[in-house]
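# Remarks on the overall topology
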Amino acid sequence: MNQQYLSMNQALEQFGLQSFRPGQQEMIQAIMAGDDCLCVMPTGGGKSLCFQMPSLIRPGLTIVVSPLIALMKDQVDSLVRNGIPAALINSTLTAGEQQARLRDAAAGKYKLVYVAPERLRNRQFLDAIRATPIQLLAIDEAHCISQWGHDFRPDYARIGQFRDWLGGVQTVALTATATARVRQDIVDVLGLKKPKQFMSGFARPNLHFGVVTCQTDRDKDEQLESFLLRTQGAGIIYVATRKRCEALVEWIGQKLRWPVGAYHAGLLPEQRRVIQERFMNNQLRLIVATNAVGM
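Since the structure is predicted, the reported quantities are computational estimates derived from the model, not experimental observations.

Conventions we followed
Residues numbered from 1 in each chain as written. Predicted model: local features only at pLDDT ≥ 70, side-chain atom pairs only at ≥ 80, totals over all residues. Heavy atoms only, no water. Helix = DSSP H or I, 4+ residues; strand = E, 2+ residues; numbered from the N terminus. Rg over C-alpha atoms; globule rule 2.2 N^0.38 Å. Buried < 20%, exposed > 50% of the residue type's maximum accessible area, 1.4 Å probe, protein only. Contact = heavy atoms within 4.5 Å. Areas by Shrake-Rupley, 256 points an atom, 1.4 Å probe, with all protein chains shown as cover. 1 Å grid on protein atoms, 1.4 Å probe; cavity = no way out; pocket = protein on both sides within 12 Å on 5 of 7 lines; lining within 4 Å. Points joined across faces, edges and corners; volume = space filled by probe spheres on them. Lys, Arg positive; Asp, Glu negative; His and termini not counted. Salt bridge = Lys/Arg side-chain N within 4 Å of Asp/Glu carboxyl O. Pairing = 2+ DSSP bridges. Axes fitted to C-alpha atoms, helices over the stretch in contact; angles between N-to-C directions. Phe/Tyr/Trp six-rings, centres within 6.5 Å; stacked < 30°, edge-to-face > 60°. Lys NZ or Arg CZ within 6 Å of the ring centre and 35° of its normal. Right-handed = clockwise from strand over helix to strand, strands pointing away.

What follows is about the overall build of the chain. For the chain, the count of helices and strands is 11 helices and 10 strands. Relative to the 2.2 N^0.38 estimate, which gives 19 Å for 295 residues, the radius of gyration of the chain is 20 Å and therefore close to what a compact globule would have. With the C-alpha coordinates aligned to their principal axes, the bounding extent of the chain is approximately 60 × 45 × 40 Å. Out of the 295 residues belonging to the chain, those deemed buried represent 47%. Sequence separation of at least 24 residues holds for 74% of the intrachain contacts in the chain that already meet a minimum separation of 6. As presented, the chain carries roughly 15,400 Å² of accessible surface, and 51% of it is formed by carbon and sulfur atoms.

Written as structure tokens, this is what we have:
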């Protein structure tokens, strides 16, 4: 079946879904109508479908900007399982793999390509997509665009320039959290003209934020052990340095006898890929990571 002529119901079936979640259908219809959109939807609310479905139905390539390697891989793997041609291009790939995917993108073999914001100033990437028809620019974690956001990354502030370079291509910005000031900042930085805004709430009852004060590393280890023993499921423990990352992996392995892996910039791309896949396949209960897990 020619993907350009899929109906929304047919596309929904290809994603393995039977119905839309609240807010999804209205936003998809706005994107299909050609509107720029700003979406604030809680984590788990289904933001990704809002740009993935139009990308499947319409001709052309969608570029998805995401700051998180783990999220990129999870979404791309899911798309490929559903028969939707998609790829990621990031630092987990070898130079040869990156070049091959850039050639495939330029040849129109993908519907969606996921990249980190830093990729948008890479000359090889820009050359590869220069002649590629781009139907949509989707920006995940869009609060990072704003200087008032809580996780500012400088390259996010340059996405507006990339959008201009693409000729003002239709754009959708998505985030789970954005105050009115942050939303306006996103619109201004991207240069959006009267975007449709969709707000389906901020409440995320599945999340908890807490702070415990520790005086020493030993106190931290004791608090961490106590937390892990009373917490079910898998998780990621963030640390500041590679040295602390490796030390904590060894400590958890010896103390708790749990399957745990390290993720930091000192690992080779293949090593990081294996750790991520083992974690996503429930072979590791924990990852101890520096902020390289998001680069």
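This is not the end of the story, as more comes after the structure.
Let's shift gears to unusual backbone geometry. A positive phi angle is found at Lys 194, which is not glycine, with a value near 50°. Examined against the element boundaries, Lys 194 turns out to sit in the loop between helix H8 (180-190) and strand S7 (196-199). By relative accessible area, Lys 194 is classed as exposed at 81%. Positive phi is not limited to glycine here, since Arg 257 has a value of about 60°. Positionally, Arg 257 belongs in the loop between helix H10 (242-255) and strand S9 (260-263).

Moving on, we come to the layout of surface pockets. Roughly 270 Å³ of internal volume is contained in the second largest pocket. Every residue lining the second largest pocket is counted, 18 residues in all, and those nearest its centre are Lys 73, Leu 88, Leu 93, Arg 101 and Arg 273. Those elements that place two or more of their residues in the lining of the second largest pocket are helix H4 (69-81), strand S3 (86-89), helix H5 (95-106) and helix H11 (269-280). Ranked by residue count, the leading element in the lining of the second largest pocket is H4, at five residues.

The residue Arg 272 is located in helix H11 in this model. No salt bridge forms around the buried Arg 272; measuring N to O, its nearest opposite-charge neighbour Glu 97 is 10 Å away. The contact partners of Arg 272, leaving out residues within four places of it in the chain, are Ser 91, Thr 92, Tyr 263, His 264, Ala 265 and Leu 267.

In spatial order, the strands read S3-S4-S2-S5-S6-S1-S7; together these seven strands make up an open sheet with parallel pairing. Unpaired on one side and paired on the other, S3 and S7 mark the two borders of the sheet. Across the sheet, the mean angle from the axis of one strand to that of its neighbour is 15°, orientation sign disregarded. The pairing of strand S5 (residues 134-139) with strand S6 (residues 171-175) spans three bridges and is classified as parallel. From the neighbouring strand, Ala 138 faces S6, where its bridge partner is Val 172. Strands in contact with H5 are S3 and strand S4 (112-115); relative to S3, the strand with the most contacts, it is inclined by about 135°.

This part is about the packing of aromatic side chains. In this description, a pair of aromatic rings is defined by centroid distance and the angle of the planes. Counted by the stated rule, this structure contains two aromatic pairs. Centroid distance Phe 162 to Trp 165: 6.0 Å. Interplanar angle 20°. Geometry classified as stacked. With a gap of three residues between them, Phe 162 and Trp 165 both fall in helix H7 (residues 159-165), about one helical turn apart. In textbook terms, an aromatic cluster arises when at least three aromatic residues are bridged by ring pairs, as seen for Phe 125, Phe 162 and Trp 165. Over the ring of Trp 258 we find Arg 285, and its NZ or CZ is 3.7 Å from the ring centre.

Further remarks concern the pattern of salt bridges. Tallying each qualifying case throughout the model produces 13 salt bridges. Note that Lys 196 and Asp 35 form a salt bridge whose closest N and O atoms lie 3.1 Å from each other. Of the two residues, Lys 196 is situated in strand S7 and Asp 35 in the loop between helix H2 (24-32) and strand S1 (37-40); the sequence distance between them amounts to 161 residues. The exposure class assigned to Asp 35 is partly exposed, which follows from its relative accessible area of 25%.

Neither face of S4 is exposed, since Leu 112 and Tyr 114 on one face and Val 113 and Val 115 on the opposite face are all buried. By the bridge criterion, four bridges tie strand S2 (residues 61-65) to S4 in an arrangement that is parallel. Note on S4: the bridge partner recorded for Thr 62 is Leu 112. In terms of handedness, the path from S3 via H5 over to S4 forms a crossover that is right-handed.

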